[in-house]
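Listed here are the chains, written in short residue letters.
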Amino acid sequence: MKMNYLPRNRSRSNRHKLVLFLLGVLAFGVLVFYLMNGVFISAAAPLWRMENGLSGVWAGATEIWRSRQSLVSENVSLKERLSSLELELAARPPAPEENGAWLALLNREAQSDGLVAGVLVRPPRTPYDILIIDAGEDDGVAAGATVALPEGPVLGVVSEVYGGTSKVKLFSSAGEETSAVLERSGLPVILEGSGGGNFRVAVPRETWVEKGDRILSADVFARLLAVVEEINVEPTDSFKEVLSRGPANLFNIRFVVIRP
Amino acid sequence: MSYRPITTILLVVSIFFLPYWFYISALVVAMAAFPLYWESILLGLLIDVLYGERIDSFSAFLFSAGFLALAGLLILLPLRARLRSHASH
């Protein structure tokens, strides 16, 4: 009986060549893509702007023909307005007059103004908790600037700046650590981002935390960062895990305010 | 025109305009469907450049979409070779 065997040495050498080829592609790609980092975003920004504009025009045009649909969209916009007002209420400072006196004592002013920017790209288009906004170096945006919702809650910081666009890294990005304070107990904690607008906090077992508690930024402005959603505690653990969620729905953010 | 360049173009368009769960799953399917789909590495790097953070450490590089695409191709390489050799007999 005639038997055929694979020529092992040749196949192994071919495989080595393929691996080297793939490594070469990776090296070439890294070189090209990272040298031209800003070029891709700047090239895509007009397309994203056009897409945002067209989606608005399309929604307006089709609303005339679909009365039922228009009621649905009105319902959606009213719900959005309601959640925005709820958010504004939730984001209020702990005690306005006390906070104002505290800021005056520190010779600091409450931040109210800032640069408003439109959001070009948001999750779920971005796989990471990153926003791309339509304001950049030309508009005076600098890396490290704080990005917040118009209602008040702070979302993240500007991580990269290009000509007319910027990238915003949200505090909820996986692995991102942010100093915060549990409002109920005044306990300083580290908020660890776990993606999708979610956070995880480890607090001592004895700490009093309840669902709905607010977690505020550790700076003097005490801005809302997250709201407690779930508390996990194991009988053998000395810490409990507090799962919390950012107050905003990342998938619907349209405008942000940038403050230096 | 073969399916391969058309798929690559559609994937580029979807990276720009569609949610991540669509283009990442489509990329994985393309890697399995086409032999040695090296374009997936470049597409992964495009995702990183557009939507990722600046890579400033080796550990960050290990979790970048470009590197994961390379790892996926390296895993698929022997698997595909075995499937092919069995199919040909």
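Just above, that's the structure.
The structure presented is a predicted model; accordingly, all values stated were derived computationally and were not measured.

Criteria and cut-off values
- Going along each chain's sequence as written, the residues are numbered from 1 onward.
- All chains are assigned letters beginning at A, and all ligands numbers beginning at 1, according to the order in which they are written.
- Per-residue local features of the predicted model are confined to residues with pLDDT of at least 70, and side-chain atom pairs are confined, for both listing and counting, to 80 or more; whole-chain, interface and lining totals are unaffected and use all residues.
- Computation of side-chain values: all heavy atoms of the structure, hydrogens and water removed.
- Here, strands pair whenever DSSP counts at least two bridges between them.
- The numbering of helices and of strands both runs from the N terminus, where a helix is a DSSP run of H or I of at least 4 residues and a strand a run of E of at least 2.
- A fitted line through C-alpha atoms serves as each axis, taken over the contacting stretch for helices, and the angle formed by two N-to-C directions is quoted from 0 to 180°.
- The contact definition used throughout considers only heavy atoms, calling two residues in contact when any of these lie within 4.5 Å.
- Summed over both partners, the accessible area lost on bringing two parts together, with a 1.4 Å probe, is the buried area.
- Salt bridges are defined as contacts in which a side-chain nitrogen from Lys or Arg sits within 4 Å of a carboxyl oxygen from Asp or Glu.
- Pairs of N or O atoms within 3.5 Å make up the polar contacts considered here, provided that, within protein, one atom can donate a hydrogen while the other can accept it, and that residues adjacent in sequence are counted only when both atoms are side-chain atoms.
- Note on residue classes: Ala, Val, Leu, Ile, Met, Phe, Trp, Tyr, Cys and Pro are nonpolar, Asp, Glu, Lys and Arg are charged, and everything else, Gly too, is polar.

### Quick word on the sheet that holds strand β1 (residues 115-121) of chain A
Then step 1. An order of β1-β2-β5-β4-β3-β12 (chain A) is seen for the six strands of this closed barrel, with the pairing classed as antiparallel. Recorded for the sheet is a direction-independent mean angle of 45° between the axes of neighbouring strands.
Then step 2. Strands β1, β2 (130-133) and β5 (166-170) of chain A of the sheet are contacted by helix α3 (residues 39-51) of chain B, whose axis makes an angle of about 90° with β5(A).

### Remarks on the interface of chain A and chain B
Then step 1. Taken together, the contacts link 31 residues of chain A with 35 residues of chain B.
Then step 2. Both faces considered, chain A and chain B share a buried interface measuring about 3,000 Å² in area, 75% of it formed by carbon and sulfur atoms.
Then step 3. Taken together, chain A and chain B are joined by zero salt bridges.
Then step 4. Scanning the region where chain A abuts chain B turns up eight residue pairs in polar contact (both at pLDDT 80 or more).
Then step 5. For the side of chain A that touches chain B, the secondary-structure elements that each account for two or more residues are α1 (8-35), α2 (37-65), β2 and β5 of chain A.
Then step 6. Among the elements that take part in the side of chain A that touches chain B, α1(A) stands out by supplying 12 residues, more than any other.
Then step 7. A class-by-class count of the residues in the side of chain A that touches chain B yields 22 nonpolar, three polar and six charged.

### Some thoughts on the environment of B:Leu45
Then step 1. Residue position: B:Leu45 is located in helix α3.
Then step 2. Those residues in contact with B:Leu45 that sit more than four places away from it in its chain are A:Leu26, A:Gly29, A:Val30, A:Phe33, A:Tyr34 and B:Gly66.

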